[in-house]
Amino acid sequence: MGSTKLKLYLGADYVSAFAMSAFVALKEKQLSFDLVTLDLKSRENYLDSYRDLSLTCKIPVLVHEGFALSESSAIAEYLEELAPASKRIYPQDIKQRARARQLQAWLRSDLLVVRKERPFDLVYFGKKDTPLSDEARAATDRLFHVADRLLEEGAEHLFGDWSIADTDLAIMLNRLVANGDPVPTRLAAYVRRQWDRDSVRAWMDIERKAPAIA
Ligand SMILES: N[C@@H](CCC(=O)N[C@@H](CS)C(=O)NCC(=O)O)C(=O)O
């Protein structure tokens, strides 16, 4: 690894689930990094300088030796290859590793209605009182089915040792657990265990201000 310190660009409100995933990946790899914040509300991420850096104008972005990478799962994969001697964040076994990536891709491309009705900021700032729509309930059923199939009875993690896919799954499930929505008991316990990890605690311990009520 080169000597340049890694940088993680993220929103100044520190609420993004995707930024959290990249942050946890960096912490679990025990890599040293600086945080660089952008004010998403004033659309700082659409300034030319950030567009040129990020390509996508999204956060998070990882910068390593002048190479900037967006997409949180691509960041995790890059870190795994960058620091192969550090603790693994993907399963060693090729099929389990593929399954972990499958889950990450699915969590990012499906369940949009859950993200909309249970935005991640509720995990920091409290409940939404609106009930889930029929469409969102159908999506949560799909989520519970996948989680139930992948998490073996009595297992602590999805694929033996912890992987970043555990954090990503727990992030999605915690939109419901933290809101008090019905979640199967063992999946809720799994989320609480994931939330007990030092890397996740480090993220949750960041000071953030609740948004002003309009
Ligand atoms: N698939 C991307 C999603 C990134 C994303 O949607 N980031 C949001 C914050 S959660 C963002 O940059 N929003 C600002 C905007 O779109 O203007 C990832 O995994 O990193």
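Further up the page is the structure itself.
Residues numbered from 1 in each chain as written. Predicted model: local features only at pLDDT ≥ 70, side-chain atom pairs only at ≥ 80, totals over all residues. Heavy atoms only, no water.

I'm lost on the site of the ligand in this one. Help?
Taken together, Ser16, Phe18, Asn45, Tyr46, Lys58, Ile59, Pro60, Glu71, Ser72 and Arg108 form the complete shell of residues around the ligand. One of the side-chain nitrogen or oxygen atoms of Glu71 is found 2.8 Å away from a nitrogen atom of the ligand. Contacts to the ligand include Ser72, whose side-chain N or O atom sits 2.6 Å from an oxygen atom. Class assignment for the residues of the shell around the ligand results in four nonpolar, three polar and three charged. (Near = heavy atom within 4 Å. Polar contact = N/O pair within 3.5 Å; in protein donor to acceptor, adjacent residues only side chain to side chain. Nonpolar A, V, L, I, M, F, W, Y, C, P; charged D, E, K, R; others polar.)

I would appreciate a short explanation of the pattern of salt bridges in the present structure.
When charged atoms on two side chains of opposite charge get close, those side chains can pair. Going through the model one piece at a time under the given rule, you end up with 15 salt bridges. Ionic pairing is found between Glu28 and Arg197, a salt bridge with its closest N-O pair at 2.9 Å. Within this pair, whereas Glu28 is found in helix H1 (residues 17–28), its partner Arg197 is found in the loop between helix H9 (185–195) and helix H10 (198–204), the two being separated by 169 residues in sequence. Residue class for Arg197 comes out buried when judged on its relative accessible area of 19%. Arg201 is paired through a salt bridge with Asp196; the nearest N and O atoms lie 2.7 Å apart. Within this structure, Glu28, Lys87 and Arg197 form a network of salt bridges that share partners. (Salt bridge = Lys/Arg side-chain N within 4 Å of Asp/Glu carboxyl O. Helix = DSSP H or I, 4+ residues; strand = E, 2+ residues; numbered from the N terminus. Buried < 20%, exposed > 50% of the residue type's maximum accessible area, 1.4 Å probe, protein only.)

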